[in-house]
Amino acid sequence: MDALLAALRAAGEPTRIRILGLLGHGELTVSELTHILRQSQPRVSRHLKLLTEAGLLNRFREGTWVFYRLVDDDGKTATLARTLVDLIPEDDADHTRDLDRLAEVKELRAEKAAAYFSANAGNWDKVRSLYVEEKEVERELLSQIGDREIEDFLDVGTGTGRMLEIFAPYINRGLGIDLSHEMLSMARSNLSDKKITNCQVRHGDMYALPVDDGSQDIVIFHQVLHYADDPQDALSEAARALRKTGTLIIVDFAPHDLEILREEHAHRRLGFRDEEIINWSRSAGLKIEDITHFDGAELTATIWRAVKPGPRHAKTKLAVVQ
Ligand SMILES: C[S@@+](CC[C@H](N)C(=O)[O-])C[C@H]1O[C@@H](n2cnc3c(N)ncnc32)[C@H](O)[C@@H]1O
């Protein structure tokens, strides 16, 4: 009872309920919240501290940025947080204005990322090989799909189309989607240079994939999720696109503190913990089957593989490989 009363007391204040309403749309940094709420940073930080102490929010630091998000475990306070967000009247004037400003913040982020990708479309293949031994990761990716039959393969954030290129011989149809027109034109010319005819690319957003529900055997995010401002939403969208027994593959970094990737390469997240990906996958109705880490000099790359359970899906134990 004490925990419930503490959570209700913390939420029962106009700015704090607005904060919950905003975080119901994804995680935000303190400065983004300050910008949206138009209140001083110390005031916003105080509200965030109270909500976090009451168990309604999670706080995590990545380099110099501090993020907040609604608790998303299986506990009752998480249910309370989500219920409070759902109860906020959609036509409330403050809430509507907050959401408009949130849209502005997201647009700014997208513009920043798009500017980076436009500037780097030409040399992205060089940039991507700076940090880890890509070949090793690619070999493991191919070995993980084994000799199963793959009708439809979706590469989210395809960039120069590298994943389509390496998977093309093993799939019937491949589709790469990307937000950046410059990246798409690079991918188009790469596919045509390599005479890959079973793959195409299309403009699209990871939050609204241009494919039908249950239409894909494999969905892959290769070095893309760290650009997401709402990775959980992106994974739910991928789960929607997967067929039953289909596979989601995420390749990204384990947590690191190379702030330069944020400053110069537009990364939003400095890597992901296994538990984060496991929880987001579970919320999206997927089950992590395998985690493989590749330790590099400065960065650890990870492959997380999840399945969308279906009738033919046998129970498996999670394997973690280092
Ligand atoms: C680091 S590159 C990785 C490209 C490719 N997957 C690879 O590993 O070579 C990330 C790509 O994600 C794309 N991207 C970023 N945000 C996106 C979004 N919301 N929807 C689709 N693509 C996005 C960028 O335009 C960029 O091409």
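Residues numbered from 1 in each chain as written. Predicted model: local features only at pLDDT ≥ 70, side-chain atom pairs only at ≥ 80, totals over all residues. Heavy atoms only, no water.

Quick word on the overall build of the protein chain
Keep this limit in mind: Strands here mean DSSP runs of E at least two residues long; helices mean DSSP runs of H or I at least four residues long; both are numbered from the N terminus. The method behind every accessible area is Shrake-Rupley, applied with a 1.4 Å probe, and residues are considered shielded solely by the protein chains displayed. Neither His nor the chain ends contribute to the count of charged residues, in which Lys and Arg are positive and Asp and Glu negative. Throughout, a charge is located at the NZ atom of Lys, the CZ atom of Arg, the CG atom of Asp or the CD atom of Glu.
Each helix and strand in the protein chain was counted, giving 13 helices and eleven strands. C-alpha extents for the protein chain along the principal axes are approximately 60 × 45 × 40 Å. Put simply, the protein chain shows about 15600 Å² of open surface, and 52% of that area lies on carbon and sulfur atoms. Side chains of the protein chain carry 42 positive and 54 negative charges; the gap between the two charge centres is 3 Å.

Description of the environment of Ala 168
Rules: Here a residue-residue contact requires only that any non-hydrogen atoms of the pair lie within 4.5 Å.
Checked against the element boundaries, Ala 168 lands in the loop between α9 (162-167) and β5 (171-178). Separated by 63 residues in the primary sequence, Ala 168 and Pro 231 place their C-alpha atoms 26 Å from one another. Ignoring sequence-local partners within four residues, the contact set of Ala 168 consists of Ile 196, Asn 198 and Cys 199.

Considering unusual backbone geometry
Note on backbone geometry: most residues besides glycine have negative phi, and most peptide bonds are trans. Counted only if it meets this: The buried label applies to any residue whose accessible area, calculated with a 1.4 Å probe on protein chains only, is under 20% of its type's maximum; exposed applies above 50%, and partly exposed to all values in between.
For Arg 38, which is not glycine, the phi torsion reads 55° and is therefore positive. With respect to the helices, strands and loops of the structure, Arg 38 is situated in the loop between α3 (30-37) and α4 (41-53). For Lys 195, which is not glycine, the phi dihedral falls at a positive 55°. Within the secondary structure, Lys 195 is located in the loop between α10 (181-193) and β6 (199-203). Judged by relative accessible area, Lys 195 falls into the exposed class, the value being 69%.

Focus on the packing of aromatic side chains
Rule in force here: Between 30 and 60 degrees the pair is tilted, below 30 it is stacked and above 60 it is edge-to-face, where a pair is any two Phe, Tyr or Trp rings, Trp via its six-membered ring, whose centres lie within 6.5 Å. Charges are assigned to positions over rings by a cutoff of 6 Å between ring centre and Lys NZ or Arg CZ, combined with an angular limit of 35 degrees from the ring normal.
Per the stated rule, a full pass over the model turns up three aromatic pairs. It is Arg 269 that lies over the ring of Phe 67; its NZ or CZ is 5.8 Å from the centre.

Side note on the packing of helix α2 (residues 14-23) against α3
Put simply, the rule is: Comment: axis = line fitted to C-alpha atoms, over the contacting stretch for helices; angle = value between 0 and 180 degrees taken between N-to-C directions. For classification, angles of less than 35 degrees are called roughly parallel, those exceeding 145 degrees roughly antiparallel, those between 65 and 115 degrees roughly perpendicular, and all remaining angles oblique. Crossing handedness is defined as follows: a turn of the near helix away from the far one that is anticlockwise and smaller than a right angle gives a left-handed crossing, while the clockwise case is right-handed. The classification used treats Ala, Val, Leu, Ile, Met, Phe, Trp, Tyr, Cys and Pro as nonpolar, Asp, Glu, Lys and Arg as charged, and all other residues, Gly among them, as polar.
Between α2 and α3, whose axes approach to 11 Å, the crossing angle comes to 120°. As far as their axial angle goes, α3 and α2 are oblique. Where α2 crosses over α3, the handedness of that crossing is right-handed. Here α2 contributes Thr 15, Arg 18, Ile 19, Leu 22 and Leu 23 to the contact with α3, which in turn contributes Leu 33, Ile 36 and Leu 37. Of the residues in the contact of α2 with α3, the class split is six nonpolar, one polar and one charged.

Let's talk about helix α8 (residues 134-145)
Rule in force here: Here, expected helix span is obtained from the residue count minus one, scaled by 1.5 Å. As used here, the arc is the angular range of directions from the helix axis to the C-beta atoms.
For α8, with twelve residues, the first-to-last C-alpha span of 17 Å sits near the 16 Å given by 1.5 Å per residue. Within α8, burial applies to Glu 134, Val 137, Glu 138, Leu 141, Gln 144 and Ile 145. Seen end-on, α8 carries its buried residues on one side only, within an arc spanning 125°. Looking one or two residues past α8, Gly 146 carries a phi angle of roughly 55°, positive in sign.

Some remarks on the side chain of Arg 101
Which entries qualify depends on this criterion: Here, a salt bridge means any Lys or Arg side-chain nitrogen found within 4 Å of an Asp or Glu carboxyl oxygen.
Mapped onto the secondary structure, Arg 101 falls in helix α6 (residues 93-120). Despite its burial, Arg 101 remains without a salt bridge, the nearest opposite charge being carried by Asp 98 at 4.6 Å. Non-local contacts of Arg 101, meaning those with residues more than four positions away in its chain, are made with His 35, Ile 36, Leu 37 and Arg 38.

Let's talk about the packing of α3 against α4
One way to put it is that α3 packs onto α4 with a least axis distance of 9 Å and a crossing angle of 110°. One finds that α3 runs roughly perpendicular with respect to α4. Along this stretch, α3 crosses α4, giving a crossing that reads as right-handed. Along its contact with α3, which presents Val 30, Leu 33, Thr 34 and Leu 37, the element α4 presents Gln 41, Val 44, Ser 45 and Leu 48. When its residues are assigned to classes, the contact of α3 with α4 shows five nonpolar, three polar and no charged.

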